[in-house]
Amino acid sequence: MQKKGFTLIELLIALACGVLIFGGILAIFSLARIALEREGRRAELNQNGRIAIERISRELRQAEAFVTSIPLTDTTQGFPPPSSFEFLDGHDPDSLTYLRYHLEGTLLYRELSYYSFPTDPQTHVPVILLDLDGNPPGKTVVEDVIIAENLANIEFFGDKTVTIRVTLQNDSMVIYQTSITARNVPGSGD
Amino acid sequence: MSNVKCQWSNVNAGFTLIELIVSVALLVFLAMGVGQIFPRAIGVNRVAEKSTRATYFAQAELETILATEYVSITADTTYPRHTISPGYDRQTVVNYIDPVTLAVSSSDQGLKRITTTVYYQSISGERTVVLSVIIANH
């Protein structure tokens, strides 16, 4: 029996078929990779949004006093909602420490601090207290750490019930909004 | 036996064009099936994201109502469904409930239940998040 190989035509057709199939697989692969990356970045936004809201909520609920004044609504004339919010920490009632959540660029920081007078720097005093000369106390920052990233904005508004709105952005944008009542803060509703 | 022998003698024949086309078609069909997973997965991710947002909207409503005293929360009331953010609607119902059965009661027996429902749109139609809280008169 005579051994017969492929003809050139057969080879070309087979090659063309192979390239076509391989190209198709490559296209699917590339699409999947892009989708994976995009979804990963989107998941990152959601993750950071949840972290920001959950961490602030937990501590705001226990707050005993607000330091930062905030507008009643996000549309209050001439008073835009601030992107930083300071309050008296209620988790440790003895130590008089203050917490401040603030936005620096796209990063959300949680600052832990206390106030004291230069004459007695070890004694924590309330921020509203004045010394005998009428001077306010000085602030000492204990720590200031990043807790979330990819933030485009954070807004605080409301009264005793504070609405927190977090806008997150990288390629896409997500907005999370909720309201938290600071039960220990005296005010309307008591 | 002759049949078997016949098959063996044919061993160099390779695939026919039909067989090849069928197999390629099958491959394409399977690849399309696999390809369907991606948009579906992305859709599920979006639903999870919307569900989280909806839960926060529901939480906001409960926090706002709970900030007031028991007596000033009006029972037998429905705050009708309204849009709170594009794509998100909210409805809240306050009822007296029976302390034993926890069923809706027509009179004040010292317990109220606040149920808030947030509606949002997903690829498979409208979905809801329902949060409910019971408050006592003390």
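Here the structure is a predicted model, which means the values were calculated and not measured.

**Student:** So, the overall build of chain A: which residues are in play, and what are the values?
**Tutor:** A count of helices and strands for chain A gives one helix and nine strands. Each helix and strand of chain A, placed in order from N terminus to C terminus, yields the pattern α-β-β-β-β-β-β-β-β-β. Rg of the C-alpha trace for chain A: 29 Å, well past the compact-globule value of 16 Å for 190 residues, more than 25% over. If one aligns the C-alpha atoms of chain A with their principal axes, the spans along those axes are about 115 × 35 × 25 Å. In chain A, buried positions account for 22% of the 190 residues.

**Student:** Run through the environment of Gln-36 of chain B, naming residues and quoting values.
**Tutor:** All names here are of chain B. With respect to the element layout, Gln-36 can be found in helix H2 (residues 17-66). A residue is classified by how many C-beta atoms lie within 10 Å of it, and Gln-36, with 10 of them, is exposed. Separated by 33 residues in the primary sequence, Gln-36 and Glu-69 place their C-alpha atoms 52 Å from one another.

**Student:** Can you explain the interface of chain B and chain A? Please cite residues and give values.
**Tutor:** Residue-level contacts link 17 residues of chain B with 21 residues of chain A. Taken together, the residues that form the side of chain B that touches chain A break down as eight nonpolar, six polar and three charged.

**Student:** A description of the packing of helix H1 (residues 8-62) of chain A against H2 of chain B should follow, citing residues and the corresponding values.
**Tutor:** The interhelical angle for the contact between H1 of chain A and H2 of chain B, taken along N-to-C directions, is 10°, at an axis separation of 11 Å. Relative to H2 of chain B, H1 of chain A is oriented roughly parallel. The residues of H2 of chain B that touch H1 of chain A, namely those facing Ile-21, Gly-24, Ile-28, Ala-32, Ala-35, Glu-39, Arg-42, Asn-46, Arg-50 and Ile-53 of chain A, are Val-24, Ala-31, Gly-35, Phe-38, Ile-42, Asn-45, Glu-49, Thr-52 and Tyr-56 of chain B. Split into classes, the residues belonging to the contact of H1 of chain A with H2 of chain B amount to ten nonpolar, five polar and four charged.

**Student:** An account of the environment of Asp-144 of chain A is needed here, citing residue identities and associated values.
**Tutor:** Residues and elements named next belong to chain A. For Asp-144, the location among the structural elements is in strand S6 (residues 138-148). Asp-144 sits in the partly exposed class, given 13 other C-beta atoms within 10 Å. Placed 45 residues apart in sequence, Asp-144 and Leu-99 show a C-alpha to C-alpha distance of 9.5 Å. With near-sequence residues (within four places) excluded, Asp-144 lies in contact with Tyr-109 and Glu-111.

**Student:** So what's going on with H2 of chain B? Residues and values would help.
**Tutor:** Here H2 of chain B spans 74 Å end to end across 50 residues, near enough to the 74 Å set by a 1.5 Å rise per residue. Taken together, the buried positions of H2 of chain B are occupied by Arg-53, Ala-54, Tyr-56, Phe-57, Ala-58, Ala-60, Glu-61, Glu-63 and Ile-65 of chain B.

**Student:** Talk me through the sheet that holds strand S8 (residues 161-169) of chain A; I want residue IDs and the actual numbers.
**Tutor:** Taking strand neighbours across the sheet as the criterion, the three strands line up as S7-S8-S9 (chain A) in an open arrangement whose pairing is antiparallel. Of all the strands in the sheet, the pair left with one neighbour each is strand S7 (151-158) and strand S9 (173-181) of chain A. The mean angle between the axes of side-by-side strands here comes to 15°, regardless of whether they run parallel or antiparallel. Helix-sheet contacts for H1 of chain A involve S7, S8 and S9 of chain A, and the interaxial angle to S9 of chain A is about 10°. Helix-sheet contacts for H2 of chain B involve S8 and S9 of chain A, and the interaxial angle to S9 of chain A is about 20°.

**Student:** Would you mind going over unusual backbone geometry in detail, with residue names and values included?
**Tutor:** A positive phi is found at Leu-96 of chain A, a non-glycine position, where the angle reads about 50°. Positionally, Leu-96 of chain A belongs in the loop between strand S2 (84-88) and strand S3 (98-104).

**Student:** Got a sec to walk through the pairing of S2 of chain A? Specific residues and values, please.
**Tutor:** Residues and elements named next belong to chain A. Bridge count between strand S1 (residues 65-66) and S2: two bridges; the pairing is antiparallel. Counted as the bridge partner of Phe-66 is Phe-87 from S2. As defined by bridge partners, S2 adjoins S3 across five bridges and the pair is classed as antiparallel. Of the residues in S3, the one forming a bridge with Phe-87 is Leu-99.

Each value, and the rule that gives it
Residues numbered from 1 in each chain as written. Chains lettered and ligands numbered in written order. Predicted model: local features only at pLDDT ≥ 70, side-chain atom pairs only at ≥ 80, totals over all residues. Helix = DSSP H or I, 4+ residues; strand = E, 2+ residues; numbered from the N terminus. Rg over C-alpha atoms; globule rule 2.2 N^0.38 Å. Buried ≥ 20, exposed ≤ 12 C-beta atoms within 10 Å, placed from the backbone. Contact = placed C-beta atoms within 7 Å. Nonpolar A, V, L, I, M, F, W, Y, C, P; charged D, E, K, R; others polar. Axes fitted to C-alpha atoms, helices over the stretch in contact; angles between N-to-C directions. Parallel < 35°, antiparallel > 145°, perpendicular 65-115°, else oblique. Expected span 1.5 Å × (residues − 1). Pairing = 2+ DSSP bridges.

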